[in-house]
Amino acid sequence: MTFDLALIDRTTYRIAAAIICITCLFYSAMMRKRNALRSRLFMMLLVFTLIDCFTEPIAYLFIYGPFSDVIKWVASYSCQLIYYLTHFGIIPIYVFYIIVTCGIEFKFNAFKRNIIKFPFYILEVMLLLNPFTEFVFKIIGKYQYGRSYGIYLAYTFAAAYFLFGVYLFIKNWYAISKIKRVAMIYFMALAFIGTAVQMLIPSVKCELLCEAIGLSGIMIMIEKDDDKIDVATGTYNRNAFVQDVTAYFKLKREFKAICIRIENLGIYRKLYGYESIGDLTRQIATHLMEYGRENTVYHTRSDVFYMLVTGAVSGEIAGITENIAKRFEQTWDNGSDSIKLDAIVLVADCPQQLSNINDIFLMDSTTLKGNEKKLLCGEDLNFLLRRIEVEKAIGRGISEKTFKLMFSPVYRSQDWRIKLSHVTLNLHDSELGEIPPSEFMEVAEGSGFIDEIQYRTLEAVCRFLSNGVDKSDMQMDFVLVPIMSATILRSEFVKKVKEIVDHFGVDPSLIAFVMKESYAFYAKETLLELMNGLVEYGIRMYISDYEAGFLGFNTIASYDLEGVIVEIRSLFEADNEENAKIVFSNRINMIKQLGKVCIITGIDTREYYDKISEVPIDFAEGDYLSPAITKNELQNKFWHGEHLLFTKDGVERLEEDENI
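Residues numbered from 1 in each chain as written. Predicted model: local features only at pLDDT ≥ 70, side-chain atom pairs only at ≥ 80, totals over all residues. Heavy atoms only, no water.

## Digging into the overall build of the chain
No. 1: Helix and strand counts for the chain stand at 25 helices and 20 strands.
No. 2: A globule of 660 residues ought to have a C-alpha radius of gyration of about 26 Å, yet the chain, at 37 Å, is considerably larger.
No. 3: For the chain, the C-alpha atoms occupy an extent of roughly 125 × 60 × 45 Å along the three principal directions.
No. 4: The buried share among the 660 residues of the chain stands at 50%.
No. 5: Here the contacts in the chain between residues at least 6 apart in sequence split such that 70% fall between residues at least 24 apart.
No. 6: As presented, the chain carries roughly 31,800 Å² of accessible surface, and 57% of it is formed by carbon and sulfur atoms.
No. 7: Taking the 69 positively charged and 83 negatively charged side chains of the chain as two groups, their mean positions are separated by 9 Å. (Helix = DSSP H or I, 4+ residues; strand = E, 2+ residues; numbered from the N terminus. Rg over C-alpha atoms; globule rule 2.2 N^0.38 Å. Buried < 20%, exposed > 50% of the residue type's maximum accessible area, 1.4 Å probe, protein only. Contact = heavy atoms within 4.5 Å. Areas by Shrake-Rupley, 256 points an atom, 1.4 Å probe, with all protein chains shown as cover. Lys, Arg positive; Asp, Glu negative; His and termini not counted. Charge placed at Lys NZ, Arg CZ, Asp CG, Glu CD.)

Here you go:
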């Protein structure tokens, strides 16, 4: 038995391609796959390519083996037929692979899919009739076959498939990641080069080897999803969630986002430890994954799971979410104990309700104060939609400069003369109207706008102080400027404040920063350093919402604070009259014993004014004394030396121009 050199070369190409395909099949079978349909299509590409690799060597084994001529003819012809049957199927399968990889399979209904398959069906019928027509390939010698006219029709269909795949790839370029783009381009380039070379030079059998190498690149770059798997739970991680949701929005694909928030998991983690709660988290993940492969489950935070559901009717969604909520009404096994988890399930229609990834993440980060429902959907999410609208309003407010600086006059209790002012910020949006500061401040903190608002507020205050305030004429001691969030208290805060104050040439002693006591809990490491830096520069420091909880008496005494601000209204609303009066009196006396300035805020009624007359305070503010006013109105009050006279009928505002 003799072999010619060309036959050995051709066989070598195919064996090499077969080894690559077998390796890819083995590795693919071992990998965790996120997209079952895409993985099945990829496996079909590998199997069809592998079959093509074996057809010619098998034919040669029969041809050069100890078999009769009939068996040799049947075997060689059958191998040739099988080669074309599978080879013609590779390119349409690859088109569907592109469709699934780009995430646009939802755009192709059964009719459109059949249109794509139709040329392939024509080729397969042609092949099945080839023994009678020899339209695709023909016998040109003993056990030798050559191309017929039909093969060029096959190349035409292949070119059409290829161009259609390229068109889909380019059209949906934005919806796939960079690494997927590289892998797809690599495979298409290799397949095109291999096909072109073999079509022009039939003796060079490099097409299958090029395809196999290209498929190995796809396997490594696209099919390998290890970096998107959450090892702790077996679900998918935050990275996979962001990629999938972003692709859905780019493709304008409708889907349901289901968020499962476990509110008390952190408490149990402290009680039982990370390992025990890790087992519990895996139980939850296993339960969620029971709802079907199409309902992809993601573990985005230690106490948060998401599910993305596509193509499901409203009744199916309702059934899934109700079952999840009911399961959390039962206990979970935690070794020797059974624990009850407090879970809230939120369901949003996307993109109708939530239109980007940031909006979706609000489902797990937004506070749910006052909520008693365990399943929130439809109109239940109006609070979330409101937050999104407020966030947009904040963006408009910053870009259109519609934030308005207001000042609450602060009066000295000794003679009730105006001496200070307390800065407040108002936002009147063109679409939402007046937005309460408490609402937009909370949203700004969560959305990252808070730094911009803080520094812009300080700039506006410094501009006012540099242009409209003459300390000797107006007799204003200083302006109270709130620090709006604990997240602002970072190492660069002092440097940024100094830059702004120096830029406007303002005396630092005209500014007093007001910091909530609770900020000490979030910024323990940097708080003392920041306060010392500001005080050394000349800025005064005050603390508000003081309840001796986060900062003890000794800490207050040791910190370089000029004073403490007490909100009277919150004290009396939190307790009965008698207890509140005792707490209020003790707190004021303690502050005075520490030698700190005491400012009372929230004096909005005559009743609250009567209460402060019984304690030794330094300054007071509130709507009963004066509502928040503009800077021009504030200037007038200071220039005319406004002071208050309290009568049984209310408050009289007297003016005294000391410059006359």
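## Some points on the side chain of R181
No. 1: Here R181 shows up in helix α7 (residues 178-200).
No. 2: Buried within the structure, R181 lacks any salt-bridge partner; its nearest side chain of opposite charge belongs to D244, at an N-O separation of 14 Å.
No. 3: Here the side chain of R181 touches W173 through a polar contact of 3.1 Å, landing on its backbone oxygen.
No. 4: Aside from chain neighbours lying at most four places away, what touches R181 is F169, W173, Y174 and I176. (Salt bridge = Lys/Arg side-chain N within 4 Å of Asp/Glu carboxyl O. Polar contact = N/O pair within 3.5 Å; in protein donor to acceptor, adjacent residues only side chain to side chain.)

## Description of the nonpolar core
No. 1: Of all hydrophobic cores here, the largest spans 80 residues; its most connected members are F493, F513, F584, I600, I603 and I612.
No. 2: Excluding residues within four positions of it along the chain, F584 makes contact with V566, I568, L571, F572, I600, K611, I612 and V615.
No. 3: Judged by nonpolar contacts, the second largest core, of 60 residues, contains L45, F88, F96 and I98. (Core = buried A, V, L, I, M, F, W, Y, C linked by side-chain atoms within 4.5 Å.)

## Some thoughts on the packing of helix α14 (residues 382-400) against helix α15 (residues 437-447)
No. 1: Closest axis-to-axis distance for the α14/α15 pair is 9 Å, and the angle between their directions is 85 degrees. When the axes of α14 and α15 are compared, the pair comes out roughly perpendicular. Across from R386, R387, V390, E391 and I394 in α14, the residues of α15 making contact are E439, F440, E442, V443, A444, G446 and S447.
No. 2: When the residues that make up the contact of α14 with α15 are grouped by side-chain class, the tally is five nonpolar, two polar and five charged. (Axes fitted to C-alpha atoms, helices over the stretch in contact; angles between N-to-C directions. Parallel < 35°, antiparallel > 145°, perpendicular 65-115°, else oblique. Nonpolar A, V, L, I, M, F, W, Y, C, P; charged D, E, K, R; others polar.)

## Brief notes about unusual backbone geometry
No. 1: In the segment running from C350 into P351, the intervening peptide bond is cis, with an omega of 5 degrees.
No. 2: Unlike most non-glycine residues, E134 shows phi in positive territory, near 50 degrees.
No. 3: Inspection of the secondary structure assignment puts E134 in the loop between α5 (130-133) and β1 (137-141).
No. 4: At Y143, a position not held by glycine, the phi torsion is positive, near 55 degrees.
No. 5: If you trace the backbone, Y143 turns up in the loop between β1 and β2 (144-147).

## A look at the packing of aromatic side chains
No. 1: By the definition in use, this model includes 35 aromatic pairs.
No. 2: For the pair F120 and Y121, a centre-to-centre distance of 6.1 Å together with 45 degrees between the ring planes defines the contact as tilted.
No. 3: Assessed through its relative accessible area of 40%, Y121 is described here as partly exposed.
No. 4: Through a chain of ring-to-ring contacts, three or more aromatic side chains come together here, namely W73, Y77, Y83, Y84, F88, F137, Y143 and Y145.
No. 5: The residue whose ring lies beneath R238 is F361, and the NZ or CZ to ring-centre distance is 4.0 Å. (Phe/Tyr/Trp six-rings, centres within 6.5 Å; stacked < 30°, edge-to-face > 60°. Lys NZ or Arg CZ within 6 Å of the ring centre and 35° of its normal.)

## A word on the confidence of the model for the chain
No. 1: Summary statistics for the chain give a mean pLDDT of 84 and a share of 92% for residues scoring 70 or more.
No. 2: Across the chain, element-level confidence peaks in strand β13 (residues 478-482) with a mean pLDDT of 94 and bottoms out in helix α17 (residues 471-474) with 58. (pLDDT = per-residue confidence, 0-100.)

## Notes on the environment of V494
No. 1: Mapped onto the elements, V494 comes out in helix α18 (residues 493-504).
No. 2: For the pair V494 and N532, spaced 38 residues apart in sequence, the C-alpha to C-alpha distance is 9.7 Å.
No. 3: Once you skip the residues sitting within four places of it in the chain, V494 turns out to touch L530, G533 and L534.

## Some details on the state of the cysteines
Throughout this description, disulfide means a covalent bond between two cysteine sulfur atoms.
No. 1: This structure, assessed with the given rule, holds zero disulfides.
No. 2: The structure places no disulfide on C259, whose sulfur is separated from the nearest cysteine sulfur, that of C350, by 11 Å. (Disulfide = S-S within 2.5 Å.)

## Quick word on the side chain of S76
No. 1: Here S76 shows up in helix α3 (residues 69-101).
No. 2: Overall, the relative accessible area of 3% leaves S76 in the buried class.
No. 3: Separated by 3.1 Å, the side chain of S76 and the backbone oxygen of W73 make a polar contact.
No. 4: Here S76 is in contact with A59, I63, Y143 and Y145, once residues within four sequence places are set aside.

## Section: helix α4 (residues 110-128)
Working note: α-helix, 3.6 residues per turn, so residues spaced by three or four point in the same direction.
No. 1: For α4, spanning 19 residues, the distance from its first C-alpha to its last is 25 Å, which sits close to the expected 27 Å at 1.5 Å a residue.
No. 2: Of all the bends in α4, the greatest, near 40 degrees, is centred on K117, and the proline P119 appears no more than four residues after it.
No. 3: Residues of α4 that are buried include every one of I116, F120, L123, E124, M126 and L127, and no others.
No. 4: Looking at the buried positions of α4, the neighbouring elements they touch are α3, α5, β1 and α6 (149-171).
No. 5: Capping the start of α4 is the job of one residue whose side-chain oxygen sits 3.2 Å from the backbone nitrogen of F111: N109. (Expected span 1.5 Å × (residues − 1). Bend = angle between axes of the 7 residues up to and from the residue.)

## Considering a positive patch on the surface
No. 1: A cluster of basic residues, K107, K112, K171 and K252, forms a positive patch on the protein surface.
No. 2: Secondary-structure assignment places K171 in helix α6. (Patch = residues over 30% accessible without salt bridge, like charges linked within 9 Å, V, L, I, M, F, W, Y side chains within 5 Å.)

## Here's the deal with the packing of helix α2 (residues 36-63) against helix α8 (residues 207-223)
To characterise two packed helices, one gives the angle between the axes of the helices and the distance between these axes.
No. 1: Remark: α2 packs on α8, axes separated minimally by 10 Å, with the N-to-C direction vectors making an angle of 160 degrees. By the angle between their axes, α2 is roughly antiparallel relative to α8. Read as a crossing pair, α2 and α8 show a hand that is left-handed. In this structure, α2 uses R38, S39, F42, L45, L46, T49, D52 and C53 to contact α8, whose residues at the interface are L208, E211, L215, I218, M219, I222 and E223.
No. 2: Grouping the amino acids of the contact of α2 with α8 by side-chain chemistry returns nine nonpolar, two polar and four charged. (Left-handed = near helix turned anticlockwise from the far one by under 90°.)

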